[in-house]
Amino acid sequence: MERTFLAIKPDGVQRGLVGEIIRRYETKGFTLVGLKFMKVSRELAESHYDVHKERPFFAGLVDFITSGPVVAMVWEGEGVVAAARKMIGATNPLTAEPGTIRGDFGIDIGRNIIHGSDAIETAQREISLWFSNDELVNWHPQIMPWLNEKFSKELAAK
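Summary of the structure given here. (Residues numbered from 1 in each chain as written. Predicted model: local features only at pLDDT ≥ 70, side-chain atom pairs only at ≥ 80, totals over all residues. Heavy atoms only, no water.)

Considerations on the overall build of the protein chain
Line of reasoning, step 1. If you tally the helices and strands in the protein chain, you get nine helices and four strands.
Line of reasoning, step 2. The C-alpha atoms of the protein chain give a radius of gyration of 16 Å, which matches the 15 Å a tight globule of 158 residues would have.
Line of reasoning, step 3. With the C-alpha coordinates aligned to their principal axes, the bounding extent of the protein chain is approximately 55 × 35 × 25 Å.
Line of reasoning, step 4. A buried classification covers 46% of the 158 residues belonging to the protein chain.
Line of reasoning, step 5. Counting only contacts in the protein chain whose residues sit at least 6 apart along the sequence, the fraction spanning at least 24 positions is 77%.
Line of reasoning, step 6. When the 19 basic and 21 acidic side-chain charges of the protein chain are each reduced to a single mean position, those positions are 3 Å apart. (Helix = DSSP H or I, 4+ residues; strand = E, 2+ residues; numbered from the N terminus. Rg over C-alpha atoms; globule rule 2.2 N^0.38 Å. Buried < 20%, exposed > 50% of the residue type's maximum accessible area, 1.4 Å probe, protein only. Contact = heavy atoms within 4.5 Å. Lys, Arg positive; Asp, Glu negative; His and termini not counted. Charge placed at Lys NZ, Arg CZ, Asp CG, Glu CD.)

Rendered as structure tokens:
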């Protein structure tokens, strides 16, 4: 089963959007397998945003993500990386579609509520950066056979 990394940024936490964002992913049928409420260290922030190290906005990204608490999460499900990105919406909230997290709640490109991995490889890297294996829970909600035909067939084969 595919996994992705999501982080509700300090603006999302400060605005009380944590429950709403988690609800959206649960309602979609994805499984939460890791969750942390934390203050991000500068070292972790710099590692997370390493791909932008040479960009002029790198320092601003690091300063913002370390400015307040974040909610780091790992979600699991069929096609979860692409689906999560679609649910998040465009980076710039002003161009994000209504119904997306950024389209509904975002105000500014520098304060866009949430981060989500953009590819399976990125998700694997980010998950290992933010979570140890001991912090992830392998479980499947009892409703999974009704949500996912592939999962239902795997259970039937056991």
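Structural notes on the pattern of salt bridges
Line of reasoning, step 1. One pass over the structure, following the stated rule, counts six salt bridges.
Line of reasoning, step 2. Ionic pairing is found between E76 and R3, a salt bridge with its closest N-O pair at 2.9 Å. Residue E76 is located in strand β3 (residues 69-76), and its partner R3 is located in strand β1 (residues 3-8); the two are separated by 73 residues in the primary sequence. The residues E76 and R3 share a single accessibility class, namely buried.
Line of reasoning, step 3. Note that K36 is salt-bridged to E135, the shortest N-O span being 3.1 Å. Separated by 99 residues along the polypeptide, K36 in strand β2 (residues 31-39) and E135 in the loop between α7 (120-130) and α8 (144-147) bring together distant segments of the chain.
Line of reasoning, step 4. Taking the relative accessible area as the measure of exposure, E135 reaches 36% and is therefore partly exposed.
Line of reasoning, step 5. One salt-bridge network, in which partners are shared between bridges, spans E20, R23, R24 and D104. (Salt bridge = Lys/Arg side-chain N within 4 Å of Asp/Glu carboxyl O.)

The analysis is restricted to geometry; functional conclusions fall outside its scope.
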